[in-house]
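Results of the structural survey
The residues making up each chain are set out below.
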Amino acid sequence: MEEGSRQLSETTTSNYLERQADEGERDPESNTLQQPLLKRNRTLSSNPLALVGAKVSHIESLDYEINENDLFKHDWRTRSKVQVLQYIFSKWSLAFLVGLLTGLIATIINLAVENIAGYKLLAVISQIEKKRYLTGLLYFTAVNFFLTLFASLLCVCFAPTAAGPGIPEIKAYLNGVDTPNMFGATTLIVKIFGSIGAVSAGLDLGKEGPLVHIGSCIASLLGQGGPDNYRLKWRWLRYFNNDRDRRDLITCGSSAGVCAAFRSPVGGVLFALEEVATWWRSALLWRTFCSTAVVVVVLRAFIEICNSGKCGLFGRGGLIMFDVSNVTVRYHVMDIIPVTLIGIIGGVLGSLYNHLLHKVLRLYNIINEKGRIHKLLLSLSVSLFTSVCLYCLPFLAKCTQCDQSFPEKCPTNGRSGNFKQFNCPDGYYNDLATLLLTTSDDAVRNIFSSNTSNEFHPTSLLIFFALYCVLGLITFGIAVPSGLFLPIILMGSAYGRLLGLAMGTSTTIDQGLFAVLGAASLMAGSMRMTVSLCVIFLELTNNLLLLPITMIVLLIAKTVGDSFNPSIYEIILHLKGLPFLDANPEPWMRNITVGELADAKPPVVTLRGVEKVARIVDVLKNTTHNAFPVIDNDVVPPTGSAIGATELHGLILRAHLLKVLKKKWFLQEKRRTEEWEVREKFTWVDLAEREGKIEEVPVTREEMEMYVDLHPLTNTTPYTVVESMSVAKAMVLFRQVGLRHLLIVPKYQAAGIPPVIGILTRQDLRAHNILSAFPHLANSKSREKQG
């Protein structure tokens, strides 16, 4: 699995990395003050570059750790009960607003999609009724072409990060990776209007993934007070000016987005817990549930409004997702055989889909590198192919006579309905047109329909399945907002219904239920979700009798899929080069210690407690480290010999050093400051802000000779590990606590031994980077696999 991950990361960004290496780019976490002309072969370093949007960007980690310096401790001691209550109230208020705004935007997106696509389909159907088939094709293709052009232009020209689902980048952010421009106001606006255009164009993509990204963007913007250029400076927002609280808000936003997509509040919370969040606690569980509860209330309110006919063409079948609550659930012990078979097929097809999609995305990356025009041409080509297939393939299906036992009107001539007449005479319907010439939500409702065992011909279902397999592969990756949920649901429901037809009278399970189980199995086989997916389908169907067989299908599909390749989101993470830390370390990581990693890195750069300004400027200009250990020499320990004793005072961040230089907090003589002196110049809110670059901070020659007392700004409680600890254990600590820096301290303490021997960062703990510095571990890895 690791070798596959390494290949994905290397293949996708190899051209960029080679170009950057030729230009002399340096590793932000392991660049030294004096760069040697010849580097050692055995050096633990890597270029932290990732594909974000349309370009390769430098990736930095996030500071989730609480910075316990003197300012923080003073603020914590002096914070009144009113301020504590204000902070708690603000967190719950923001969680409420995240749910409210996500629900409103999801409603607007769905109303727009249903009305735009609905009027388009009504116009096409009117042409078909008049036997103007070529005119209908031209109109259908032209409208889809311009809708795709609109969505693609928005992404290509204004916000390249809005393309795709956004879920892998959210996973990376919550894992501790800062992805640039992923949660900005421009990205949010493009995501909303781009989703409307892309879904209305009939492309094989859904709005579920984009809704998760939209919810996260809303949460991020609320937490920081709006866009960067127009940020609100309200006093109560100062509490959230840090990566830690922003992470919690984005977690609420992602769960609200899933709830808005599937109308599943509990499923949304579990999705955030199971799929996207790396770090979790009980208080966060309650706030995410608050956000999803507000979303459900908003959706329910608009459902009531739309049912009265005030939403144009929209209002049938609930507001957003697929109402399959009328599925008749009957099964006995022998039905475990088809249920198991569905799970196995879902796992195999899901892993195959992941494999093929990986190949397609690598090809698309090569095309997208050529520029904006190629991105637009790729999107428009997919739109033309999709439109022609959706319109022309129903002509291959035979007309079926309507049965009086059908629960719905047959045939139907509107944009929706289970029995579309299309080109058939009166009293007949075209089953393939029922699935293809409609909106994606209606297509799922139709294929999920129960008590209609003879509605769809096997040939029509086979054509539908084959078409959506092709469209699902070629559509994902173009420059429009897109989601994976709906294409996978459509594919899975098709083969599930085909299996139901093949089983015939040998099972009591309804064919609509077979379609539901097929969709669940393919989603588990591709995305590898189980608990959240089970609850989502349970909330969709409103039927607890589905729980046992759904659990069996999901567990089997995930187990089978895991034996072949990673989940689709992990594949995309590696393709983009995002340094995501997996939950489980590789077994061979127990064969190497963090001390050996420190030996493979350049020497650690340290600062003294009272440091000269010239030294600080030199360090900031000639390294790209984001933190530096602060060491005090010649200290007097409480016990033992004072000769040569040193003290590790803590860790100071680059942003705090830049803040010191910017505010000119300098001393004429080398001394330690009093506690009140630092509070006159800084507040803990100031230290939460990220500063710019050292080149932007002017320092005069006279100021270079002054001093800075770093003690009050230093985090005195950094996380440390002993050099004898295994890399596997250190990686678990690093990921679970959400660290950016992990100090390595020596096993033996004595005079002359430095108190810190190295710093571990995210890049140092990635398996690929360790193997590049220690190739012999790859041999032990292969032996473990053979054993």
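Here the structure is a predicted model, which is why all the values come from computation and not from measurement.

Turning our attention to helix α7 (residues 208–224). Taking 1.5 Å per residue, 17 residues should reach 24 Å; α7 reaches 25 Å between its end C-alpha atoms and fits that length. Among the 17 residues of α7, 17 are classified as buried, and the element is accordingly described as predominantly covered. Backbone geometry just downstream of α7 places glycine 225 in the positive-phi region, at approximately 85°.

Glancing now at the packing of helix α3 (residues 81–129) against helix α4 (residues 133–157). For the pair α3 and α4, interaxial distance at closest approach is 7 Å and the crossing angle is 165°. The angle between the axes of α3 and α4 places the two elements in the roughly antiparallel class. Classified by chirality, the crossing of α4 by α3 is right-handed. Within the contact between the two elements, α3 uses Ile116, Lys120, Leu121, Ala123, Val124, Gln127 and Ile128 and α4 uses Tyr133, Thr135, Gly136, Tyr139, Phe140, Val143, Asn144 and Leu147. In terms of residue class, the contact of α3 with α4 is built from 10 nonpolar, 4 polar and 1 charged.

This brings us to the pairing of strand β9 (residues 627–633). With respect to burial, β9 is a largely interior element, 6 of its 7 residues being buried. In terms of strand pairing, strand β7 (residues 607–608) meets β9 through 2 bridges, oriented parallel. Bridge pairing in β9 links arginine 608 to isoleucine 631. With 7 bridges joining them, β9 and strand β10 (residues 646–653) adopt antiparallel strand pairing. By the bridge assignment for β10, phenylalanine 628 is matched with isoleucine 652.

Moving on, we come to the UniProt feature "transmembrane region" (unreviewed entry) in the protein chain. UniProt annotation of "transmembrane region" (unreviewed entry) refers to residues 92–113, 134–162, 284–303, 336–356, 376–397, 461–491 and 544–561 when read in the numbering used here. Split by type, residues 284–303 is 100% helix and 0% strand. Its first and last C-alpha atoms lie 29 Å apart. Segment residues 544–561 splits into 83% helix and 0% strand. End C-alpha atoms: 26 Å apart.

What follows deals with a nonpolar patch on the surface. A grouping of Val84, Leu85, Ile88, Trp92, Val266, Trp286 and Phe289 is seen on the molecular surface, where their side chains present a nonpolar patch of about 660 Å² in accessible area. With respect to the element layout, leucine 85 can be found in helix α3.

We now examine the sheet that holds β9. Pairing within the open sheet is mixed, and its 3 strands lie in the order β7-β9-β10. If you trace the sheet from one side to the other, it starts and ends with β7 and β10, each paired once. Together, β7, β9 and β10 form the strand contacts of helix α23 (residues 654–663), whose direction differs from that of β10 by roughly 80°.

All right, on to the packing of aromatic side chains then. For the structure on display, the rule yields 14 aromatic pairs. Taking 6.0 Å as the distance between ring centres and 20° as the angle between the ring planes, the aromatic pair formed by phenylalanine 72 and tryptophan 76 counts as stacked. On the criterion of helical spacing, the pair formed by phenylalanine 72 and tryptophan 76 is a turn pair, its members being 4 residues apart in helix α2 (residues 70–78). Under the relative-accessibility criterion, tryptophan 76 is labelled exposed at 56%.

Taken in spatial order, the 3 strands of this open sheet run β12-β13-β14, and their pairing is mixed. The two strands at the open ends of the sheet, each matched to only one other strand, are β12 (720–722) and β14 (758–760). Averaged over all pairs of adjacent strands, the angle between their axes in this sheet comes to 35°, without regard to strand direction. Pairing of strand β13 (residues 742–745) with β14, which is carried by 3 bridges, proceeds in the antiparallel orientation. In the strand pairing of β14, leucine 742 is matched with leucine 760. Seen against the sheet, helix α27 (residues 727–737) touches β12, β13 and β14 and runs at an angle of roughly 145° to β13.

Mapped onto the elements of the fold, proline 265 is located in helix α9 (residues 265–276). Given the relative accessible area of 18%, proline 265 is considered buried. Residues proline 265 and isoleucine 536, 271 residues apart in the sequence, show an inter-C-alpha distance of 8.4 Å. Excluding residues within four positions of it along the chain, proline 265 makes contact with Cys259, Thr292, Val296 and Glu539.

Conventions adopted
- Residues numbered from 1 in each chain as written.
- Predicted model: local features only at pLDDT ≥ 70, side-chain atom pairs only at ≥ 80, totals over all residues.
- Heavy atoms only, no water.
- Helix = DSSP H or I, 4+ residues; strand = E, 2+ residues; numbered from the N terminus.
- Expected span 1.5 Å × (residues − 1).
- Buried < 20%, exposed > 50% of the residue type's maximum accessible area, 1.4 Å probe, protein only.
- Axes fitted to C-alpha atoms, helices over the stretch in contact; angles between N-to-C directions.
- Parallel < 35°, antiparallel > 145°, perpendicular 65-115°, else oblique.
- Left-handed = near helix turned anticlockwise from the far one by under 90°.
- Contact = heavy atoms within 4.5 Å.
- Nonpolar A, V, L, I, M, F, W, Y, C, P; charged D, E, K, R; others polar.
- Pairing = 2+ DSSP bridges.
- UniProt positions renumbered as here; feature names shortened; annotations may be inferred.
- Patch = residues over 30% accessible without salt bridge, like charges linked within 9 Å, V, L, I, M, F, W, Y side chains within 5 Å.
- Areas by Shrake-Rupley, 256 points an atom, 1.4 Å probe, with all protein chains shown as cover.
- Salt bridge = Lys/Arg side-chain N within 4 Å of Asp/Glu carboxyl O.
- Phe/Tyr/Trp six-rings, centres within 6.5 Å; stacked < 30°, edge-to-face > 60°.

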